[in-house]
Amino acid sequence: MRSSATEWETGRQQDKKTRKHLLPIFLSPCLPVSLSSCLLVIAYGNPLRQDDAAGLLLASSVVEIWRAQGIAVQHVEVQQLMPELVTQIAAAEVERVFFFDAVIGEEESSLQVQRVDIEASTACLGHHLSPAMLMTYARELYAHCPSAWLVTIPGINFAHGEGVSLPVQRLLTTAPTLAQQLLDLMKYKGGAQR
Amino acid sequence: MSRTVTIDPVTRIEGHAKITIHLNDQGGVDDARFHVTEFRGFEKFCEGRSFWEMPGITARICGICPVSHVMASSKAGDAILGVRVPPTAVKLRRLMNLAQIVQSHALSFFHLSAPDLLLGMESDPAQRNLMGLIQKYPEVARKGIQLRQFGQDVIRMLGGRSVHPAWSVPGGVRESLSPETRDQIRTMLPDAFTGLDLALKLLKDALPNLEREVGDYGNFPSLFVGLVTPEGGLEHYDGLLRVMDSDGKLLEAGLAPERFREIFGEAVEPWSYLKFPYYKATNGTYVNGSYAAGMYRVGPLARLNICQFAGTPRADAELRQFRTLAAPGKPVTNSFHYHYARLIEILFGLEKISELLEEPTITDTRVRSSAGVNQLTSVGVSEAPRGTLFHEYTVDENGILQRVNLVIATGQNNLAMNRTVRQIAQSYVTGNTLNEGILNRIEHGIRTFDPCLSCSTHAIGQMPLDVQLLNAQGEVVDAIKRD
């Protein structure tokens, strides 16, 4: 079968040889003009499904704390992870990536921070993108894959509605501690002021 | 002994679903069903809210096509106010709506369907996904991301954010388009066209090897429904409702969209949370005694079938080619050609965006009309990527919602999706032989409709589902679970 996809790829290989290969064209205008390094925070969830907003809220608190310390942070909020986030992840100035998400938990559950495992992401997945898949796409498509972590905050109520449950509210008060722990985790000394 | 084979969950669609296939004693397929197991709830949640909030609230039904709900909701709000939206605001809403068509269709083609089309329907399932596509055709994957990002960037540049833009409101839009932003979008168009050209070439190259699939994936007569311009052109934002039968006869040439209840009803079944919209007979009852006889399809395939022309040069050229897929004067009935129709709509969207940007008044700053509540019931209709979307509101004198009904595009394709599943199962399931490739074919049949189950059921996200094998007595004889 004649494959235009193969022909296209062959053409791109030739472009690479002549150093015409470019990084992603559609960098979001929201990215800083400066190429100083920065952190990228991607928070996702539905604020009209009560505790599903927990990741969004926690991320906002952490970003606010970091920016007050002069740390350059890009902050993205989405309802679900989408493929085009890859272009932001793979941008040259992104040094570390933090994903924030709510998960189903119990009243006494605690925040979890885990390194995003790139190598474990090659399994067949459905339409639902995971942080690991996004990081893998960044590596495969754009040859740039910063270190990444996933912060999960457990929720107990995901019905339609606004506002978060008391357990989530309690966990949100630990944002300052979390913000420092994340900096310690990556031994990040800070970047240029935005 | 009869068996029922269940595919659960269906992958690479938005939301989650289950499919059951009912086999008879001879191993033939008696029936197949597409079950949606997620519960709708936004309509009840919105009661007691102000209609002003609805664009923002209903946008959060979905993270893939929120703009569709923003548009339909805003238009329902326009009707409550009884205002005429400033012409520039209409153009800007069209611009955003078209950008969403581009990004959503790009996601559907490149990320959800391309793995099957380019890697093969029965290729290794561990590779037949976006990751496999990236590894084998990385530049194709990049182009797909870029084309989708074009649409997302236009939405963000107009509305401040690419997901859930708080921009279109009852009466118009919040912000006008600056000349600088207009010029920036112009510079992005050439690369978007390049990505679309690649997609068209890929699909046309793949089609000769997919003849059987074209014939078997949802190829049956049905009605087709959508919006058209008053002149009968391709339309996504406004216009009139048109209904065409499978012989090309117009049952409704151009009905005011707010009168949709006169011709459409909604049935329910105990085995699915997704309703079954159908076309009513002229006396208001079922066609031929069954609601299923009033089955109709919406979305790209329907929109291209019912329109007489697209209205932009390259899209019209592709539309002429599209029409050759059916007998002269007849609509294209193969659901597999939703893929092609989707790409034509991307092309139309890009051309139309280019035209809109050239209009002198596109940067006019008068973009919002103001009024109070002047009408207590309203209907807002818009074409979402997946088909016609209706928002129906009833408010009190203070604009507080008393009743909300959302008729979602995917729901209107429900009967057709069920028929497609049965047709594919009957073509590929024989005796006791089942393999993953056959299951993927059935899933692909669903994917041709690009359903958004998150929209049609307003679900929260993943929900692990079981595969169940049922005998003729309804007893579970086997079970499979997909992660």
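This report concerns the structure included in the present document. Only a predicted model underlies this, so the values are computations on that prediction, with no experimental measurement involved.

Rules used throughout
Residues numbered from 1 in each chain as written. Chains lettered and ligands numbered in written order. Predicted model: local features only at pLDDT ≥ 70, side-chain atom pairs only at ≥ 80, totals over all residues. Heavy atoms only, no water. Helix = DSSP H or I, 4+ residues; strand = E, 2+ residues; numbered from the N terminus. Buried < 20%, exposed > 50% of the residue type's maximum accessible area, 1.4 Å probe, protein only. Axes fitted to C-alpha atoms, helices over the stretch in contact; angles between N-to-C directions. Parallel < 35°, antiparallel > 145°, perpendicular 65-115°, else oblique. Left-handed = near helix turned anticlockwise from the far one by under 90°. Contact = heavy atoms within 4.5 Å. Nonpolar A, V, L, I, M, F, W, Y, C, P; charged D, E, K, R; others polar. Pairing = 2+ DSSP bridges. Expected span 1.5 Å × (residues − 1).

In this section: unusual backbone geometry. Even without being glycine, Gln50 of chain A reaches a positive phi, approximately 45 degrees. Notably, Asp450 of chain B is not glycine yet its phi reads approximately 50 degrees, a positive angle. Tracing the backbone shows Asp450 of chain B in the loop between α14 (436–447) and α15 (453–457). You can call Asp450 of chain B buried: its relative accessible area is 3%.

Geometry of a packed helix pair, given as the angle between the helix axes and the separation of the axes. Residue and element names in this part refer to chain A. Relative to each other, helix α2 (residues 54–68) and helix α6 (residues 175–186) sit at 65 degrees, their axes nearing to 9 Å. The orientation of α2 relative to α6 falls into the category roughly perpendicular. When the axes of α2 and α6 are compared, the crossing they make is right-handed. Across from Leu58, Ser61, Val62, Ile65 and Trp66 in α2, the residues of α6 making contact are Ala175, Pro176, Leu178, Ala179, Leu182 and Leu183. Residue classes in the contact of α2 with α6 are distributed as ten nonpolar, one polar and no charged.

Once that is clear, we can look at the sheet that holds strand β4 (residues 112–115) of chain A. All names here are of chain A. Sheet architecture is open: five strands sit in the order β2-β1-β3-β5-β4, paired in mixed fashion. Every interior strand has two partners, whereas the edge strands, β2 (73–78) and β4, have only one. For this sheet, the mean inter-axis angle between neighbouring strands, taken without regard to orientation, is 20 degrees. In terms of strand pairing, strand β1 (residues 38–44) meets strand β3 (residues 94–104) through seven bridges, oriented parallel. Counterpart to Val41 in the pairing with β3 is Phe98. Against the sheet, α2 engages β1, β2, β3 and β5 (147–155), with an angle of about 165 degrees to β2. In the packing of α6 onto the sheet, the strands contacted are β1, β3, β4 and β5, and the crossing angle to β3 comes to about 135 degrees.

On to α14 of chain B, then. Over its twelve residues, α14 of chain B runs 16 Å from end to end, which matches the ideal 16 Å to within 8%, given 1.5 Å per residue. Among the twelve residues of α14 of chain B, eleven are classified as buried, and the element is accordingly described as predominantly covered.

Moving on, we get to the environment of Ser162 of chain B. Residue and element names in this part refer to chain B. By the secondary structure assignment, Ser162 is in the loop between α6 (138–159) and β4 (168–169). Placed 58 residues apart in sequence, Ser162 and Phe220 show a C-alpha to C-alpha distance of 37 Å. Once residues within four sequence positions are removed from consideration, Ser162 is found in contact with Gln152, Ile155 and Arg156.

We now examine the sheet that holds strand β13 (residues 387–395) of chain B. Residues and elements named next belong to chain B. Within the open sheet, the three strands sit side by side as β12-β13-β14. Their pairing is antiparallel. Two strands close off the open sheet at either side, each with one partner strand: β12 (377–384) and β14 (401–407). Averaged over all pairs of adjacent strands, the angle between their axes in this sheet comes to 15 degrees, without regard to strand direction.

Moving on: the packing of helix α4 (residues 87–119) of chain B against α14 of chain B. Residues and elements named next belong to chain B. Close contact between α4 and α14 brings their axes to 11 Å; oriented N to C, the two are set at 135 degrees. With respect to each other, α4 and α14 are oriented oblique. For the crossing formed where α4 meets α14, the hand is left-handed. Touching Leu112, Ser113, Asp116 and Leu117 of α4 are Asn440, His444 and Arg447, all from α14.

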